[in-house]
Structure formats: C-alpha cells, structure tokens
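# Breakdown of the fold
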Amino acid sequence: MAMGAPVVPPFLVVRNISKAFGGAKALRNASLDIIAGEVHGLVGANGAGKSTMIRILAGLNHPDQGSIEIDGHTVGIETAHCATAFGMSFIHQELAFVPGMTVLQNIMLGVPKRSRFGLTDWAAIARDVEPIARRVGITASLNANVKGLSTAENWLINICRALVRKSRLIVMDEPTASLSAAESEKLFAIIKDLSASGVAVLYVSHRLDEILKLCDRVSVLRDGNSVAEFTRAGLTRKALVEAIVGSAHVGNDSRPEYAPQTHEIVLRVQNLTRLPKVRGVSFELRHGEVLGIGGLVGAGRSELVRLIYGADRADSGSMTFRGKPYAPKSPQAAVAAGLGLVPEERRTEGLFLTKSVAFNLGLVNLDKLVLGRRVPLLSRKSQSSLARETMKLLSIKTASVDSPVGRLSGGNQQKVVIGRWLQRAPHILILDEPTRGVDIGARAEIHRQIRELAAAGMAVLVISSEPDELPDLCDRVLVMAEGLIVREMSGASISRSAIVEASYGERSH
Amino acid sequence: MVSGAIDREDDQMSDASTYNRRLTPRAKAGLGIFARYATILGLLAMIVAFSILSPKAFSTLGNFTNVLNQASLAMIIAGGLTLAVVVGELDLSIGFAASLHGILVTGFIVHDKLPIPLAILIVLVLGALIGLVNGFIVTKMKVNSVIATLGVGTIITGLAFAYSAGVPIVAGVPEAFLQLSLGRWLFGIPNNIVVMVFVLGILWVLVERTSIGQEIQAVGGNPAASRLAGINVDRIKTLGFVISGICAALTGILLASRLGSGTTSAADSYLLTAFAAVFLGSATLRDGEFHVLGTLVGALIIAFGFNGLNIFGAPTFSQYVFQGAILIIAVGLSSLGRSLAES
Ligand SMILES: Nc1ncnc2c1ncn2[C@@H]1O[C@H](COP(=O)(O)OP(=O)(O)OP(=O)(O)O)[C@@H](O)[C@H]1O
Ligand SMILES: [Mg+2]
C-alpha cells in the first residue's frame, strides 16, 4: 500500500477510542475512518457501542483514550459546536420535535443566520433554503408548523439543516426504524444523491438489507471493539451476520405447526370506528394466534389497537372479549381484563427513563412481586429476580438491574418494554412495532418468545412496518389502508410483496 | 418538557444541559456525587460549626431534642407534600389548610364540647376531604395544580375567618388537648417526635416498599406510560393529594395543641418550609427525585439553620432571608440533580 497511498487523507479517522461509563465499557479500542463522499455503514448488536461512537463524534461524550483526526489533523471535539464547525451533522437515534415552530425555524436551529439591521432576515433565508429543502424532498411549506409533520418529514428537516450548514459528513443513527418502506426508499435516494455530491454519510442500522444495498464500506462493532471492516467487494449478508454476532450461528426460528381455526375466538371486533383514522373495522382473533396488521404508516393501525386497549374511545362499533361484551373505558380496564400493549414510542409511552431496569420490568407484574394477596408489601428479592430472569431471556445488556433504564442502548430499552409484558403473559398481547431498533439476534429471540407464548394459548396482535417481520412471525395478516381492512392473508400466502401491494389501498379481495 | 431541542446535540437546549456540556465528564461525575451528598454534608457542617461556635447552647441533648420537637410539625406536613410532588403535582393549600384545621379542632373541643379523639378524627377526615377536592379539580377538571390548590387554599382561609371571625380561640382549651403536643408519653420522648417518626415511617414504606408505591412513583415519572401500563393515573394523583391533606390536618392539630389556641393563619408559613424541605430532599441521595427520606433531611437542615440563627441572636429579618434563600437553593440543587441524571 505504501506506494499508492492516497494523497488526500480520509475526511475522518477515529483511532483506538475507548470509553467507559462507570464500570461499563461502551467502546474499547474502536477505530473508524470515513472517506469524503462515501456511504459508510456502522453495524453491531444492541449495546455494541454504535450510538456511543456517534455521540463522541458529536462532542456529547468524550473518549477516555484514543484520538480523532479530521483532514489529517488531530482534533478534540469538546462540544457540539466543535463537531458542527468540523463539518459534521448528526441525526440521533432519539429524535425530538420542536412544536410551535415553523419548518424554516427548525431547519435554521443553531445555524448562524443572516440579519439585516440586527433582525434575522427570514425572507432572505427562506430564499436560500428553499432549493435545498426541495432537493431533499420537503414538500411542506417552509412556513408550516412542524407540529403536524411526520417523523419522516422531521428527518428531512434534519438533513436539510445539515446541507444548509454545508456539512461534509451526515451521521444517521437508525434512520429507517421509524420510517415506512416508501419513506425509506426516498431517504436512500437522497443518500445516494448526497454521496454523489461529495457528502459522506455514516449510516447506522440493524436492517442488513439496507446496509448491503446502500453502503460503500461497513465497519462492525462487537462489545465495543472494532471487529471487521468490509468493502463493497467483500460484503455479504452472511459475513456481516458472522461479524456482528461473533459466530456463524444465526437465530433460525423454525415456526411451530399451528392450526388457528381450531382454537376458540378470544376477541371479536365489529365495525369499530373512530373517525377519521378508523372507519369500520371487523375481525376475529383466536387464542394461540399471531395476527399481524400491515399497512402504511398512518393507515390507522395504531389508532385501531388503541381502541381495543381502551386508550381511546370508539365512536361506534362493538367488541366481544372471551364471549362477553367488551368496551374498555381505560387501559386499566383492558389490563384488568387481560390485555397488554407494547406501545409504538418506547421513550414517551413505554419507559420510566430515570427509574431502574427492575422498576420498569416490575411495573405490570406487581401482583407477582408482593408478599401476598392481602399484603401489598413489595418483595425486592422477587423484583430483582424477575428482572434478572427477563434480562437473561432477552439478553438485555445493562450494568445492573438497578441502572436507570435511560442509560441503556436504544435496542435494550425496547427489550425492557417487551420483557415487561412477556412476563405477564396476558390473554391478548398487542405489539406496536415490537422490534424497532432491536438487533437481528434479539429479534429472533423475541419472535421465538412470542411464538412460545402463543403456543401456550396467548393471542397476539402485531403491528409492524418492518418489511419482513409480519411474514416471519404471523399466522394471519390483515392489511389496513385509510382506516379499513383491505386484505386478509394467512399461512403460506403471507409475503412481503403481497403486504406491500395491498398497503397501497387496492380495495379488491 | 423543555421547549427547544430538536435533537440532543443542538444549540436550543435547556440551560441545564448547556451548562453540562461545558463540563468534562469527570467533573460531571464529581458534581453528581457532590450534589447527591451536598445536603447531608451541609447539615453535618452546620451542626459542627454551631457546636464549635456555641458548645454550651447548641450541642446539648436538650437543644437537639428541642430542635427535633419543633421541626416535627414541619416534617409531617412536608412528608405529606412529598407524596403530592412524587405523583407530579404541587399542593399549595397545605399551610392554609393546617391553619383552618387548628381552628376547627380547638373550636370543636372548646365550643362544641366534642370529645378530643372525635374532634381530631373529624378534622383528619376533613383534611382527607380537602385532598379529595384538590385531586378532583386537578384530575377531572384538568386545572393546573398550582392554580387549583392556590384557589382551594384561599377559599380555606376564607372559611377559617368565617368560622372564627378572625378571633383566636384561646380560652377554655383543656389541658388534655395541650398534652397531645407537649406530653412525653413514650419513654420520655416528646409526642411530636413520636408522631413524626410514625408518620414518615408509614409514608416511606408506602412509597418505597409497596406495590401502590411503585404506581405512585410511576405516575410521577411518566403519566402517559403509566396509563398505558394499566395504572389509574387520576386515582393515584388524587391519593397523593389526600395524603398531603391528611398530613396538613395532623400538623394543624398538633400546632393548635402546642400553641394552646386556634388562630387564623397560624400554620400558613409551613407552606414555604415544607416546600424548601421537599426540594432540598430531592437533591439528597437521588438525582432530583422527590422522596420521603430526603424530605426528612431537608427539614432537619432548615430546623437546625433556624435554631442556629436564634441562638446567635440573629435579627428577625435574617430569618426571612434564610427562609427565602434556602428555598431557592433547594430548587436549584434539585434541578441540577435532575439535569445531571439526564446527561
Ligand atoms: N450514559 C450512559 N451511562 C451508562 N452506560 C451507558 C451510557 N450510554 C451508553 N451506555 C452503555 O454503553 C453501551 C453501548 O451503548 P450504545 O448506546 O452505544 O449501543 P448501540 O450500539 O447504539 O446499541 P443499540 O443498537 O441498541 O442502539 C451499552 O451497554 C450502554 O448500556
Ligand atoms: Mg444506539
């Protein structure tokens, strides 16, 4: 290599970085280099250190050891401002909104603004930003309030901001976890476009198909170590999985045989309506059945399950649960009847971020953790043994059961929300995007647990926008579009392409 | 939530996290530990300093018992307030309520000639009722708890005037009622202290060691997630107000017994003391999380602080300065703890 060494150094070189949080080592001697204009994948299991690496580049965490070079010069990234000044922009795993501000204001957050007579010259800024916004595919008016915008549009706003700042590297932490298939495709096109214009992209994802399709090079982290680096030529799914997991073993979930029609009906939904999102939905769910609900983001799937769970009230329609009329007034009533819900947004709807892992896992299982039915005293021993059991079951990576759950990596937080309900094993478990942000190994394990509980009689209702999840997991799939069920498929006829096709609102049966 | 943060790295962040960003990680960890133990260190430092400066007056068993005895009433009302803030609400009615309860209990005994235990029981039930009203206004009418409890507190003050016409009930308070607060029925320990230990003990067990306590903590931590986990959020919040109301009643009763009178506004100032104690407590041992044990430590700091000021003959104005300053410091420490926990 010495002879043909590139004259231009890579844009970014991370050399032998280590970072520990208390006793927990998030990164050990991890390295990474990014060449201008490439799409660079960063993969690894939950808790492997991907987000930590990114937060270090962003100046949010500081490495204990190691060095970072930009354009061949060693630099220290002390603050987020430094990172921006070095030409890096970040779209983090947990994205938040700034409601009450316009699209333009959001794009310009933290960007130095042109001003006239000491006042920000929004008109001039809008003229500059407009073409960039159109280029990344923002269709909303720049003066629109961001409140009504989707997650996808928020991603676009973030990308737009990066371009306005003239960033040379845009880092995306699990971008497609909350995007629909169509939105993801658009994002990929934008990434290709960025790459062609010389902007590098560091791309973190658990979806290996995306990595294989998109990336010029891929770095793999395992337990905080850099274990492999692939170029386009050597990139195969098998090699990636091996590098991520550390062995050739891949969770091969063989589904148990199952004949759903023989089991008793546990839930019957008739003409359930809550305008405008749910417009007359009817279906039946049987004990032991895993029923998927496919469709586009916004098709009314989450709204439907919220009605079943008592989180919202229906305008009309009826339900029967285990043969009796069922009209839950609140989630509390639904839980008491024997339902459980893993909500879509883990951080806002699922977790108690400052509370411990044990607290979070114990919450819906309190009846199991008290000393007796009449004695509501909590047994701390039962609480932590339940937590440890769940940790082992789903390989939740945490320093201890007493760590605040907010300190866990994104995928491990998701496992906590699921683990809570797996332990309770309700009659009906509703899962809204259950494996969002969860790595391939853990995903297979979660699917296996769900199948096992179903085999024991639990009925499962799954919503997923992840293309392969419903075909992998479900006995039967309903596809929703615009608040209606437009297609039902079962057994061997369930396929990714059939679900996608039906999602686009073709109403024939 | 904080108003401006599109993602964590951005400039539009809460002041607290901007402040964090400038610190090295080690300094941050150090600051975290310091913040967690600062209140306890402060308490010990104060005791040591006062003991050295005034060994004869301050560091005697008699004075310590005295301080604790005096502080017990504040600790009970602050313990109740802790429950209200743990469920994520504020209760500003407690001081006014305690004043009303003091008047009512003396009135029931002196004017209505009710047996003392019955008078006490009625007042405690009234305390719970006021909590129920607060809870109803906040959870069902969706009124912000600051406004709701301020309104209820003001109405209560009106009721107290209506009942007593502003004239203290002094004459004819039976000795037996005075003994409630002044007596030492258990091993010579002042009754106030015994009651305080008993009440805070129950509250601690309730919050930390029962299943309903887990729900109480959950509701304060994330109401939306609590609801989806099947918890009746409204009921738990109301429970917080009810406990706060009962503790306010207890403090009002004990104060009336100690003063030997029912006086309008007698307990009003407990509101500030209780808040200072609760917020100081949230910075104690935990990162800005409200808890019963912390409240106890917070109340002790305030009590010893006042005691020191008294012993050194500090002028009256300085007591107000101390009270106000400690409240601000307490809330500051509390939010510092929280922002460190988030980073
Ligand atoms: N602030 C923190 N305090 C303590 N431990 C932390 C903190 N941040 C991260 N960790 C630990 O560092 C490890 C790496 O976490 P990181 O978030 O980088 O994982 P990740 O690769 O992004 O995982 P995921 O795919 O689940 O998002 C985890 O074990 C996590 O628990
Ligand atoms: Mg991550």
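For the structure itself, look to the data block above.
Conventions we followed
Residues numbered from 1 in each chain as written. Chains lettered and ligands numbered in written order. Predicted model: local features only at pLDDT ≥ 70, side-chain atom pairs only at ≥ 80, totals over all residues. Heavy atoms only, no water. Phe/Tyr/Trp six-rings, centres within 6.5 Å; stacked < 30°, edge-to-face > 60°. Buried < 20%, exposed > 50% of the residue type's maximum accessible area, 1.4 Å probe, protein only. Helix = DSSP H or I, 4+ residues; strand = E, 2+ residues; numbered from the N terminus. Pairing = 2+ DSSP bridges. Axes fitted to C-alpha atoms, helices over the stretch in contact; angles between N-to-C directions. Contact = heavy atoms within 4.5 Å. Arc of directions from axis to C-beta. Parallel < 35°, antiparallel > 145°, perpendicular 65-115°, else oblique. Left-handed = near helix turned anticlockwise from the far one by under 90°. Nonpolar A, V, L, I, M, F, W, Y, C, P; charged D, E, K, R; others polar. Salt bridge = Lys/Arg side-chain N within 4 Å of Asp/Glu carboxyl O. Patch = residues over 30% accessible without salt bridge, like charges linked within 9 Å, V, L, I, M, F, W, Y side chains within 5 Å. Areas by Shrake-Rupley, 256 points an atom, 1.4 Å probe, with all protein chains shown as cover. Expected span 1.5 Å × (residues − 1).

To continue, consider the packing of aromatic side chains. By convention here, two paired aromatic rings are described through the distance between centres and the angle between planes. Evaluated as defined, the whole model comprises 8 aromatic pairs over all chains. Summarising the aromatic geometry, the rings of Phe321(A) and Tyr326(A) are spaced 5.3 Å apart at their centres and angled 45 degrees between planes, so their arrangement reads as tilted. By the burial criterion, Phe321(A) is buried, and Tyr326(A) matches it. Ring geometry for Phe306(B) and Phe322(B): centres 5.0 Å apart, planes at 80 degrees, overall edge-to-face. Remark: Phe322(B) occurs in helix α14 (residues 316-342) and Phe306(B) occurs in helix α13 (residues 292-311); sequence separation between them is 16 residues. Residue Phe306(B) shares its accessibility class with Phe322(B), and that shared class is buried.

This next bit is on the environment of Leu104(B). Here Leu104(B) lies in helix α4 (residues 94-110). For the pair formed by Leu104(B) and Ala160(B), sequence separation is 56 residues and the distance between their alpha carbons is 8.0 Å.

Let's shift gears to the sheet that holds strand β2 (residues 24-34) of chain A. Residues and elements named next belong to chain A. Spatial strand order, β2-β1-β4-β5: 4 strands in an open sheet with antiparallel pairing. Looking along the sheet, the strands with just one partner apiece sit at the ends: β2 and β5 (73-75). This sheet shows a mean twist of 30 degrees between the axes of neighbouring strands, independent of strand direction. The sheet contacts of helix α1 (residues 50-57) involve β1 (12-21), β2 and β4 (65-70), and relative to β1 the element is tilted by about 115 degrees.

Residue and element names in this part refer to chain A. Every buried residue of helix α8 (residues 237-245) is accounted for by Leu240, Val241, Ala243 and Ile244. All buried residues of α8 project into a common sector of 165 degrees when viewed along the axis, lining one side. Check the buried side of α8 and you find it contacts β3 (39-43), α7 (208-214), β11 (217-222), β12 (225-231) and α16 (440-455). Remark: Gly246 follows α8 within two positions and exhibits a positive phi of approximately 95 degrees.

On to the packing of helix α12 (residues 270-282) of chain B against α13(B), then. Residues and elements named next belong to chain B. Interaxial distance between α12 and α13 falls to 7 Å at its minimum, and their mutual angle equals 125 degrees. Compared by their axis directions, α12 and α13 come out oblique. Note on packing geometry: the crossing formed by α12 with α13 is right-handed. Here Thr273, Ala276, Ala277, Val278, Leu280 and Gly281 of α12 come into contact with α13, specifically with Gly294, Thr295, Gly298, Ala299, Ile301 and Ile302. Class assignment for the residues of the contact of α12 with α13 results in 7 nonpolar, 5 polar and no charged.

All chains considered together, the criterion is met by 31 salt bridges over all chains. The residue Glu229(A) makes a salt bridge to Arg217(A) at a minimum N-O spacing of 2.7 Å. Residue Glu229(A) is located in strand β12, and its partner Arg217(A) is located in strand β11; the two are separated by 12 residues in the primary sequence. We classify Glu229(A) as partly exposed; its relative accessible area is 42%. Between Glu289(B) and Lys355(A) there is a salt bridge, with its nearest N and O atoms 3.4 Å apart. Residue Glu289(B) is found in the loop between α12 and α13, and its partner Lys355(A) is found in the loop between α11 (346-350) and α12 (357-362); the two belong to separate chains. When salt bridges with common partners are traced through the structure, they connect Asp33(A), Glu38(A), Arg217(A) and Glu229(A) into a single cluster.

Now for unusual backbone geometry. Residue Pro276(A) is reached from Leu275(A) by a cis peptide bond, and omega for that bond is 0 degrees. Along the chain, Pro276(A) falls in the loop between β13 (265-274) and β14 (278-286). Backbone geometry at Asn16(A) places phi at a positive 45 degrees, although glycine is not the residue there. Relative to the helices and strands, Asn16(A) is located in strand β1. Backbone geometry places Ala165(B), a non-glycine residue, at a positive phi of 55 degrees.

For the rest of this paragraph, the subject is a nonpolar patch on the surface. Residue and element names in this part refer to chain B. Taken together, Ile33, Phe34, Tyr37, Leu41, Leu285 and Leu293 make up a surface patch of nonpolar side chains, about 580 Å² in accessible area. Of all the elements, helix α2 (residues 25-53) adds the most residues to the nonpolar patch, at 4 residues. Its place among the elements puts Leu41 in helix α2.

Before going further, it helps to spend a moment on α12(B). Because each turn of an α-helix spans 3.6 residues, side chains separated by three or four positions in sequence point in the same direction. All names here are of chain B. Along its 13 residues, α12 runs 18 Å from first to last C-alpha, staying within 8% of the 18 Å computed at 1.5 Å per residue. Of all 13 residues making up α12, 12 are buried, and the element is well covered by its neighbours. Looking at α12, one finds that the buried residues are Tyr270, Leu271, Thr273, Ala274, Phe275, Ala276, Ala277, Val278, Phe279, Leu280, Gly281 and Ser282.

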